[in-house]
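Survey of secondary and tertiary structure
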Amino acid sequence: MKKDMLLIGSATPRMMEAFAADFEIHELDKIDGLVNFLTANGSKIEAIATNGHAGVSKQIMDGTPNLRVISCYGVGYDAIDVLAAKAKGVIVTHTPNVLNNDVANTAIMLMLAVSRRLLRDDQWVRSGNWKAKGNAPLTTSIEGKRVGIVGLGRIGETIARKLEAFSCDIVYHTRNQKPESPYRYYADLVEMAKDVDYLVVITPGGASTNKLVNRDVMNALGPQGTLINVARGTVVDEAEMVKALREGRLGNAGLDVFEAEPQVPEALFEMENVVLTPHVASATVETRQAMGDLTVENLVRFFKEGKVTSPVPECADM
Ligand code: A2R
């Protein structure tokens, strides 16, 4: 018999087809009146599929007493209260590794786009400036520069490895030093920010990293420094970042994530030294397919084999 599954957020046609083979799907977006739905059906729901942005609200967690598994589409799961889920015996899964390359590529794309003023130069051609004014002003190279990676996990390591092709000098900051890492470790983030040209942020979101990149860190990075954020908007103090950019205390920024997406501070729209993308680091056809397949696999395996492929670390012992 098919299990009842609540789908929070959207899923691709390929995921829907795969889910439909094993589950009775209830789509939150199509439900008229969540309270009534949970009263009538909450106790039937054994599985939830969601994403890192939508997560699972307390109302849904409390209204699904027989929930057994939550499968998150995305590596970041800060929108899910994992400890509350675990306390209920609910295992939470996510989709690590399959997105390492595209997120790393996005970080490097932002470094290049900011430093080489890609958008300005594209506009230089389209606007006729090239014919009217001649060559575009010179830009800055990323070649051989020092890059500080904040969060040297699966994605941070991938960024570091790829930046070796640009002869970058890689250093990193995490809470725990990685003895096997070839890169120089900084226990103090401000000290690292003082020493680097680029600060690339790729930690998880959540309470432990909230506003980790604060005014002091941005002042240390300085007027020639570039901040790249492909982690979560919450990891950077956004209001302080806007001020620092406006006052020239921080040189440049390449941002894929924001504190209150899809709201983006409009002050950033005017800045030529900033490149903005709408949280698309993993958003390629190839990577999103792999993430979707893993999201489905975790749920299907749980009910067929009693185990999952990629639990979040907190649930690895369940
Ligand atoms: O601190 P450690 O030793 O646990 O190292 C982790 C680091 N990290 C932090 N670094 C500094 N301060 C913190 N409060 C802090 N919390 C965690 O971030 C580790 O080196 C890294 C996370 O690596 P992974 O767990 O392998 O995550 P992955 O797959 O690289 O993805 C990172 C994030 C996702 O959570 C999404 O928010 C985003 O990338 O797409």
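Preceding this section is the structure that the text describes.
Let us look at the structure shown here. The model shown is predicted, which means the values in this text are computed figures rather than measured ones. (Residues numbered from 1 in each chain as written. Predicted model: local features only at pLDDT ≥ 70, side-chain atom pairs only at ≥ 80, totals over all residues. Heavy atoms only, no water.)

1. Structural notes on the overall build of the protein
Within the protein, the regular secondary structure consists of 12 helices and 12 strands. Over its C-alpha trace the protein gives a radius of gyration of 22 Å, about what one expects of a compact globule, namely 20 Å for 318 residues. Oriented by its inertia axes, the alpha-carbon framework of the protein measures out at about 70 × 50 × 30 Å. Looking at the 318 residues of the protein, the share that counts as buried comes to 49%. Pairs at least 24 apart in sequence give 58% of the contacts found in the protein among residues at least 6 apart. About 15500 Å² of surface is accessible on the protein, with carbon and sulfur atoms providing 51% of the total. (Helix = DSSP H or I, 4+ residues; strand = E, 2+ residues; numbered from the N terminus. Rg over C-alpha atoms; globule rule 2.2 N^0.38 Å. Buried < 20%, exposed > 50% of the residue type's maximum accessible area, 1.4 Å probe, protein only. Contact = heavy atoms within 4.5 Å. Areas by Shrake-Rupley, 256 points an atom, 1.4 Å probe, with all protein chains shown as cover.)

2. Description of the pairing of strand β1 (residues 3-7)
Buried residues dominate β1, accounting for 4 of its 5 residues. The pairing of β1 with strand β2 (residues 23-27) spans 5 bridges and is classified as parallel. Note that in β2 the partner of L7 across the bridge is E27. For the crossover from β1 across helix α1 (residues 13-22) to β2, the handedness is right-handed. (Pairing = 2+ DSSP bridges. Right-handed = clockwise from strand over helix to strand, strands pointing away.)

3. Focus on empty space enclosed by the protein
In the structure shown here, the tally under the stated rule is 2 cavities of 30 Å³ or more. As for the largest cavity, its lining consists of N229, G233, V236, E238, M241, L255, V257 and F258. For the lining of the largest cavity, a count of residues per class yields 5 nonpolar, 2 polar and 1 charged. If you tally residues by element for the lining of the second largest cavity, the top one is strand β3 (residues 45-51), at 3 residues. For the lining of the second largest cavity, the per-class residue count stands at 4 nonpolar, 3 polar and no charged. (1 Å grid on protein atoms, 1.4 Å probe; cavity = no way out; pocket = protein on both sides within 12 Å on 5 of 7 lines; lining within 4 Å. Points joined across faces, edges and corners; volume = space filled by probe spheres on them. Nonpolar A, V, L, I, M, F, W, Y, C, P; charged D, E, K, R; others polar.)

4. So, the site of the ligand
Around the ligand, 20 residues are found, and the nearest of them are R154, I155, R175, N176 and S208. R175 is positioned with one of its backbone polar atoms (N or O) 2.8 Å from an oxygen atom of the ligand. In this structure, N176 approaches the ligand through a side-chain N or O atom, which is 2.8 Å from an oxygen atom. Among the residues making up the shell around the ligand, the classes are represented as 7 nonpolar, 9 polar and 4 charged. (Near = heavy atom within 4 Å. Polar contact = N/O pair within 3.5 Å; in protein donor to acceptor, adjacent residues only side chain to side chain.)

5. A look at the sheet that holds strand β5 (residues 91-93)
In spatial order, the strands read β2-β1-β3-β4-β5; together these 5 strands make up an open sheet with parallel pairing. Looking at the sheet topology across the chains shown, the edges are occupied by β2 and β5. Direction aside, neighbouring strands of the sheet carry axes that sit 20 degrees apart on average. Looking at chain direction, β1 and β3 are connected through 4 bridges and run parallel. Residue pairing in the sheet places D4 in a bridge with I45 of β3. Here α1 sits on the sheet and contacts β1, β2, β3 and β4 (69-73); the angle it forms with β2, its principal contact strand, is near 130 degrees. Against the sheet, helix α12 (residues 285-305) makes contact with β1, β2, β3, β4 and β5, and its axis sits at roughly 175 degrees relative to β4, the strand it touches most. (Axes fitted to C-alpha atoms, helices over the stretch in contact; angles between N-to-C directions.)

6. Notes on the state of the cysteines
Under the criterion given, the structure shown has 0 disulfides. Free of any disulfide, C315 has its nearest cysteine sulfur in C72, 12 Å distant. (Disulfide = S-S within 2.5 Å.)

7. Some details on the environment of Q123
Assignment of secondary structure puts Q123 in helix α6 (residues 118-126). Residue class for Q123 comes out partly exposed when judged on its relative accessible area of 45%. Here the alpha-carbon distance between Q123 and A253, two residues 130 residues apart in the chain, equals 19 Å.

8. A few points about the layout of surface pockets
Of the voids in this model, the second largest pocket is the one considered here, and its volume is about 260 Å³. Together, 17 residues line the second largest pocket, and T140, Y198, Q224, T226 and N252 are the ones closest to its centre. Tallied by class, the residues present in the lining of the second largest pocket amount to 6 nonpolar, 8 polar and 3 charged.

9. Brief notes about the side chain of T95
Mapping T95 onto the fold places it in the loop between β5 and α5 (100-115). In this structure the side chain of T95 is engaged in a polar contact, spanning 2.9 Å, whose partner is the backbone nitrogen of G74. With residues up to four places along the chain from it excluded, the contact list for T95 reads C72, Y73, G74, V75, M291, L294 and T295.

10. Observations regarding the side chain of S310
Along the chain, the position of S310 falls in the segment after α12. One polar contact links the side chain of S310 to the main-chain carbonyl oxygen of H94, over a distance of 2.7 Å. With near-sequence residues (within four places) excluded, S310 lies in contact with T93, H94, P96, L294 and N298.

11. Structural notes on the packing of aromatic side chains
Applying the stated criterion across every chain yields a total of 4 aromatic pairs. Centre to centre, the rings of F19 and F23 are 6.3 Å apart; their planes meet at 75 degrees, and the pair counts as edge-to-face. Its relative accessible area of 0% is what places F19 among the buried residues. Ring geometry for F302 and F303: centres 4.9 Å apart, planes at 90 degrees, overall edge-to-face. Residue F303 is classed as partly exposed on the basis of its relative accessible area of 21%. What links up through ring pairs into an aromatic cluster is the set F19, F23, F302 and F303. (Phe/Tyr/Trp six-rings, centres within 6.5 Å; stacked < 30°, edge-to-face > 60°.)

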